[in-house]
Protein chains: 4
Amino acid sequence: MKYFLGCELTYDIAANTTMILNVEVQRGSSQTIISERFVAPPGVEPQVHEVPETGNRYQRLHLLPGTSVIRYEAEVITSPTVHDPASVVDIAVTDLPFEVLNHLYPSRYCQSDRLARFAWREFGSIEGSFQKVTGICNWIFDHVDYIAGTSDGSTSALETFDYRAGVCRDFAHLGITLTRALGIPARYVSVYAFGLVPQDFHAIFEAYVGGRWYLFDATRLIPIDGVVRIAIGRDAADTAFSTFYGQLVDQPKKVWIDRLDGEALEAEWTTSAVSLG
Amino acid sequence: MKYFLGCELTYDIAANTTMILNVEVQRGSSQTIISERFVAPPGVEPQVHEVPETGNRYQRLHLLPGTSVIRYEAEVITSPTVHDPASVVDIAVTDLPFEVLNHLYPSRYCQSDRLARFAWREFGSIEGSFQKVTGICNWIFDHVDYIAGTSDGSTSALETFDYRAGVCRDFAHLGITLTRALGIPARYVSVYAFGLVPQDFHAIFEAYVGGRWYLFDATRLIPIDGVVRIAIGRDAADTAFSTFYGQLVDQPKKVWIDRLDGEALEAEWTTSAVSLG
Amino acid sequence: MKYFLGCELTYDIAANTTMILNVEVQRGSSQTIISERFVAPPGVEPQVHEVPETGNRYQRLHLLPGTSVIRYEAEVITSPTVHDPASVVDIAVTDLPFEVLNHLYPSRYCQSDRLARFAWREFGSIEGSFQKVTGICNWIFDHVDYIAGTSDGSTSALETFDYRAGVCRDFAHLGITLTRALGIPARYVSVYAFGLVPQDFHAIFEAYVGGRWYLFDATRLIPIDGVVRIAIGRDAADTAFSTFYGQLVDQPKKVWIDRLDGEALEAEWTTSAVSLG
Amino acid sequence: MKYFLGCELTYDIAANTTMILNVEVQRGSSQTIISERFVAPPGVEPQVHEVPETGNRYQRLHLLPGTSVIRYEAEVITSPTVHDPASVVDIAVTDLPFEVLNHLYPSRYCQSDRLARFAWREFGSIEGSFQKVTGICNWIFDHVDYIAGTSDGSTSALETFDYRAGVCRDFAHLGITLTRALGIPARYVSVYAFGLVPQDFHAIFEAYVGGRWYLFDATRLIPIDGVVRIAIGRDAADTAFSTFYGQLVDQPKKVWIDRLDGEALEAEWTTSAVSLG
């Protein structure tokens, strides 16, 4: 699928501010960047960094007082791998590659050590790891209400599990937590999401099953094969689209993703197993 | 039912210690004390206090270094009110007597403000307040494991809700929390419990439905009509059987309750609505 | 001191709503109500209740859809007892009257069991119980920032202790928690507060020292002898000025308290020990 | 410094168990392994993995029912870099290498987002980043009691900050949390620690100041230049010396580290800035 996507961020800088952005899409065999453009404010030279282990791409900008507009846009072709869930073969936790083991550990917002008993009781008897994670997503969708304003930046999965309301960040954290609690590696993914209304950065998660990271979204707000990956990490602590040191007021941001390939412009749902590699 | 019950508490006092005990049974129309005896260590004169609002009975003892043995024993006749649950008439939260309203509030170990969404979704559609609380007890029994050593004195209902394991104190706290979350007053009750194995002080809860406080126990460890009430309170913070200021080591305590009425000495289960008034 | 005080509450009722208000001032030897008037919406007959143990006064109103205006106003004379802090004699925790013991227990928002080690280390060496509580208030004032919007209805003293910001409710909760942690009974008090800018209901706390409940306010926003007591309780869970069951939107409320006694209309500070009995 | 170190772990395996160990020391320019030997139970062939980013070394063993003894021993020469703290030059958070930024993020046991206000108020005015972290360690040593049994595997830095007691793991977590809260990267380090009494695995932390990871230990139990690094990670979640999937009972473990270089066998203290690279 071919997309034109991007964002425009506007800040009223009150005092010298250093901003670290993580809005550029990842490069990879399933995400080909045809063209992209990052426009910093006049006179600002970004430092760039791409993390080898994750592919996350950062830009650091030193901004002076005044209004700063930052714009990123890209043409991207994604070629997600799509499988029949029934064909995804299980890997026992004892046979996982060492590389993915750290995605079993609890993290700031995903205290998987506390929900193991619940997770096993509720999902343990579902056959198949992919199906277990699907069961987790269905459970979250059925038991947690998507309500803006019920959580904030310090809300963790345990609080969402208790309070039963949240936004995409909270749905992803709870999904990750329950997945890890079953001994299945899981990570947080920030994305541009085709079909999301209203448009914004979106958060979903990936679980490592059958030797591959498959995409999951318990919010059911978007077709899972319509995402373009920006960043992966253990949870939201690792994948903020912007972090700053200084003083500023942020104006409303614009985020967009449109299809360019002449195919149906409508979002279509899939229950297939979808991976971006 | 007629019982002989009591406890024997042994402390090795290391330095002058003030001990506040709450082990004597409540007096009331449904709990008649035939005889009772409180034996303080030689030379110790207890101060006594019975709280008018609750009926809880305290004894304060100033203990000197050495071994102190404290013994309480009583013959008690209980005459619980037993109703068919189907006959218990609902009272809307908006029509509750003012006197019971404070048992709707969240307390130290029962953060009912955080579980309202869950409680309404899970139990809201059950017809009848008594049946709702029964539903809560069934849910706890089905979803929480009774395992000694998984909780401690700082464990609250939210932690039990997450971790899904605990002991009688935790079962009672979670029951109270979910009951209050539905707008039904609930309180913590410490009791002598006939049929409990091994014998110890036991914790259950009461819910105010149909104009009366009915007894509930989500552990299913005892017949609910075989309890003798010691103390009521908002949660375990209010009803400790002993509190001390000083320095001591406690030896294993003895707690007992035996039937004296020549009737079946076996515990028998009931699903009736049982109240001690 | 003589005051004219009151409040006006406006609600847009969307569906039949039961409202429980706790806005009337307490009666007592130190708070004489010269006159008072509670104006319910036309056709609404409030049920009233005064709790014997606390003196809190409730009104329950059944409100129909539409706009409801509720007004309370009173002329009140307060005659606080004022002592030199140096003259307040200590009572050991082991000699406290039984009646106040339950204000030593931890409560929903005041987990005093968790901060005992800190409290003793920081305040344990201060001579005198009154001075210990003063030390607690000074510490809170020095270490916690008063910032609106940093807390909400679920914020407890532990969170304020960690985050070091909050509003009057949080300052009172932390003060209560640290006071109880030292073995000194403490309770939450909602008040009309002369000199508070901007005017609103205010929250402070009382500690039981020297045989009396003395007033404390770690916010230093008001003169402590200029308060009129509405409600006392273990913490904010017990003392909400309004609780409702139904559906409504609340309009901005008005709260006022003015001096009527021709004396200085300016707030003046005191470091005396002040009690309303 | 030259050491002979190692550990011997004994497990009574009840059912087939997969064990992942992380007990071998890291290789590096400051840690030269002269010789080492890992002895798995007879017939067990460990899979090994060394993580490129961290240098952590894992061994995975599939153990059958029965008693399994696992032994690791090594001769290691460490050559820590030692600087005068006054010579360590500050790096502004805005100039940190991108590689270390993820050690600024909060993690499972180190919720640095919640303690920023405290950290800046308490340590913000200390000149120099190294000195700030030293100030944090001094504060922890002065304000937190080292008491075994006051924490468990789910205890996080916030709980230690409230409760003011813990063990090495908790001291390290709180140190990391406060360091990150000041905008200084920090990570958890598990070590063999010369001079630790009684011998066991030990936990300390590293802060990234002046372009280097310096070692810190708020417990003051060991000389900081006498450690040999096993694993680094965000917190204890990343660095468990053993993780298992199966069923077992663990017997008491042996851990040792002795000096082989003929120099003083006594632990000597240093306040220098010490780094293992």
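Residues numbered from 1 in each chain as written. Chains lettered and ligands numbered in written order. Predicted model: local features only at pLDDT ≥ 70, side-chain atom pairs only at ≥ 80, totals over all residues. Heavy atoms only, no water.

Draft legend 1. Focus on the relation of the copies chain D and chain A. By a simple turn and slide, chain D fits onto chain A: the slide is 0.0 Å along the axis, the RMSD is 0.0 Å, and the turn is 180 degrees. Here the symmetry operator amounts to a two-fold rotation axis. Within chain D, D:Arg108 has its C-alpha nearest the rotation axis, a separation of 1.9 Å. Comparing contact sets, 100% of the residues at the interface of chain D also lie at the interface in chain A, consistent with an isologous, same-surface contact. (Least-squares fit on C-alpha atoms with pLDDT ≥ 70 in both. Contact = heavy atoms within 4.5 Å.)

Draft legend 2. Quick peek at helix 4 (residues 168-181) of chain B. Residues and elements named next belong to chain B. With 14 residues, helix 4 extends 20 Å between its outermost C-alpha atoms, agreeing within 8% with the 20 Å of an ideal straight helix rising 1.5 Å per residue. Extensive coverage of helix 4 is indicated by the burial of 14 of its 14 residues. With its phi angle positive at about 80 degrees, Gly183 sits one or two positions after the end of helix 4. (Helix = DSSP H or I, 4+ residues; strand = E, 2+ residues; numbered from the N terminus. Expected span 1.5 Å × (residues − 1). Buried < 20%, exposed > 50% of the residue type's maximum accessible area, 1.4 Å probe, protein only.)

Draft legend 3. Highlighting the domain arrangement of chain A. Residues and elements named next belong to chain A. Taken domain by domain, chain A holds domain 1 (2-79 + 241-259) and domain 2 (81-239 + 267-275). Between the C-alpha centres of domain 1 and domain 2 the distance comes to 25 Å. Facing the 24 residues of domain 1 at the interface are 17 residues of domain 2. The contact between domain 1 and domain 2 buries some 1700 Å² in all, and 57% of this surface belongs to carbon and sulfur atoms. For the domain 1 face of the interface with domain 2, the top three residues by lost area are Gln26, Val255 and Ile257, together amounting to 31%. Taken together, domain 1 and domain 2 are joined by one salt bridge. Here Lys253 makes a salt bridge to Asp200, at a shortest N to O gap of 3.3 Å. Linking domain 1 to domain 2 there are seven residue pairs in polar contact (both at pLDDT 80 or more). (Domains from an automatic or database assignment. Buried area = accessible area lost by both parts, 1.4 Å probe. Salt bridge = Lys/Arg side-chain N within 4 Å of Asp/Glu carboxyl O. Polar contact = N/O pair within 3.5 Å; in protein donor to acceptor, adjacent residues only side chain to side chain.)

Draft legend 4. Expanded view of the packing of aromatic side chains. Per the counting criterion, the structure on display carries 62 aromatic pairs over all chains. Seen in terms of ring centroids, A:Tyr208 and A:Trp213 are 5.3 Å apart; in terms of plane orientation they differ by 65 degrees. Their pairing is edge-to-face. Judged by relative accessible area, which is 9%, A:Trp213 ranks as buried. Ring geometry for B:Phe130 against B:Phe216: centres 5.0 Å apart, planes inclined by 45 degrees, an arrangement best described as tilted. With B:Phe130 in helix 2 (residues 129-143) and B:Phe216 in strand 11 (residues 212-216), the pair connects residues that are 86 residues apart, well separated along the chain. The same class applies to B:Phe130 and to B:Phe216, which are both buried. Aromatic ring contacts, followed pair by pair, group A:Phe118, A:Phe123, A:Trp139, A:Phe161, B:Phe118, B:Phe123, B:Trp139 and B:Phe161 into a single cluster. In this structure, B:Arg187 packs its charged tip against the face of B:Trp213, placed 4.0 Å from the ring centre. (Phe/Tyr/Trp six-rings, centres within 6.5 Å; stacked < 30°, edge-to-face > 60°. Lys NZ or Arg CZ within 6 Å of the ring centre and 35° of its normal.)

Draft legend 5. Highlighting the relation of the copies chain B and chain C. Once chain B has been moved 0.0 Å along the axis and rotated by 180 degrees, it coincides with chain C to within an RMSD of 0.0 Å. An overlap of 100% is found between the interface residues of chain B and their copies at the interface of chain C, pointing to a shared contact surface.

Draft legend 6. Fine view of the interface of chain B and chain C. Taken together, the contact between chain B and chain C spans 30 residues of the former and 30 residues of the latter. Overall, the association of chain B and chain C removes approximately 2700 Å² of surface from exposure, summing both partners, and the carbon and sulfur fraction of that is 58%. A per-residue breakdown of the area chain B buries against chain C is headed by B:Arg60, B:Phe98 and B:Arg108, which together make up 26% of the total. The interface formed by chain B and chain C holds four salt bridges in total.

Draft legend 7. Seen up close, helix 2 (residues 129-143) of chain D. Over its 15 residues, helix 2 of chain D runs 21 Å from end to end, which matches the ideal 21 Å to within 8%, given 1.5 Å per residue. Within helix 2 of chain D the residues assigned to the buried category are D:Ser129, D:Phe130, D:Lys132, D:Val133, D:Gly135, D:Ile136, D:Cys137, D:Trp139, D:Ile140 and D:His143.

Draft legend 8. The interface of chain D and chain A, seen in detail. In this complex, chain D contributes 30 residues to the contact, which on the side of chain A involves 30 residues. With both sides pooled, the region where chain D packs onto chain A buries about 2700 Å², and carbon together with sulfur makes up 58% of that total. The largest contributions to the chain D side of the interface with chain A come from D:Arg60, D:Phe98 and D:Arg108, which together make up 26% of the buried area. For the pair chain D and chain A, the number of links is four salt bridges. Two residues, A:Arg234 and D:Asp238, come together in a salt bridge whose shortest N-O distance is 2.8 Å. On inspection of chain D and its partner chain A, the count reaches eight residue pairs in polar contact (both at pLDDT 80 or more). Where the side of chain D that touches chain A is concerned, the elements lending two or more residues are strand 1 (2-21), strand 3 (47-50) and strand 4 (57-63) of chain D.

Draft legend 9. Structural view of the side chain of C:Gln31. All names here are of chain C. Here Gln31 lies in strand 2 (residues 31-39). Given a relative accessible area of 5%, Gln31 falls into the buried group. Separated by 2.7 Å, the side chain of Gln31 and the backbone oxygen of Gln26 make a polar contact. If near-sequence neighbours (up to four positions away) are discounted, Gln31 is found in contact with Val25, Gln26, Ile77, Thr78, Val228, Arg229 and Leu276.

Draft legend 10. Structural detail: the packing of helix 1 (residues 116-123) of chain A against helix 2 (residues 129-143) of chain A. Residues and elements named next belong to chain A. For the pair helix 1 and helix 2, the least separation of the axes is 10 Å and the interaxial angle reads 105 degrees. The pairing of helix 1 with helix 2 is recorded here as roughly perpendicular in orientation. In contact with Phe118, Trp120, Glu122 and Phe123 of helix 1, helix 2 contributes Lys132, Gly135, Ile136 and Trp139. Within the contact of helix 1 with helix 2, the residues separate by chemical class into five nonpolar, one polar and two charged. (Axes fitted to C-alpha atoms, helices over the stretch in contact; angles between N-to-C directions. Parallel < 35°, antiparallel > 145°, perpendicular 65-115°, else oblique. Nonpolar A, V, L, I, M, F, W, Y, C, P; charged D, E, K, R; others polar.)

Draft legend 11. Local environment of the pattern of salt bridges. Residues and elements named next belong to chain A. Applying the stated rule across the entire model yields 68 salt bridges over all chains. Residues Lys254 and Glu8 are paired through a salt bridge, measuring 3.4 Å at the closest nitrogen-oxygen approach. Residue Lys254 is found in strand 14 (residues 254-259), and its partner Glu8 is found in strand 1 (residues 2-21); the two are separated by 246 residues along the sequence. Looking at Glu8, the relative accessible area reads 18%, which means it is buried.

Draft legend 12. Structural detail: the arrangement of the chains. With no contact between them, chain A and chain C keep their nearest C-alpha atoms 11 Å apart. The smallest C-alpha distance separating chain B from chain D is 11 Å, and no contact links them.

Draft legend 13. Structural view of the environment of D:Thr17. All names here are of chain D. Its place among the elements puts Thr17 in strand 1. Along the sequence, Thr17 and Arg180 sit 163 residues apart, while their C-alpha atoms lie 37 Å from each other. Those residues in contact with Thr17 that sit more than four places away from it in its chain are Leu61, His62, Leu63, Phe244, Tyr245, Gly246, Gln247 and Leu248. Here Ala15 takes part through its backbone oxygen, which lies 2.7 Å from a polar atom of the side chain of Thr17. Polar contacts involving the side chain of Thr17 include one to the main-chain amide nitrogen of Gln247, which spans 3.0 Å.

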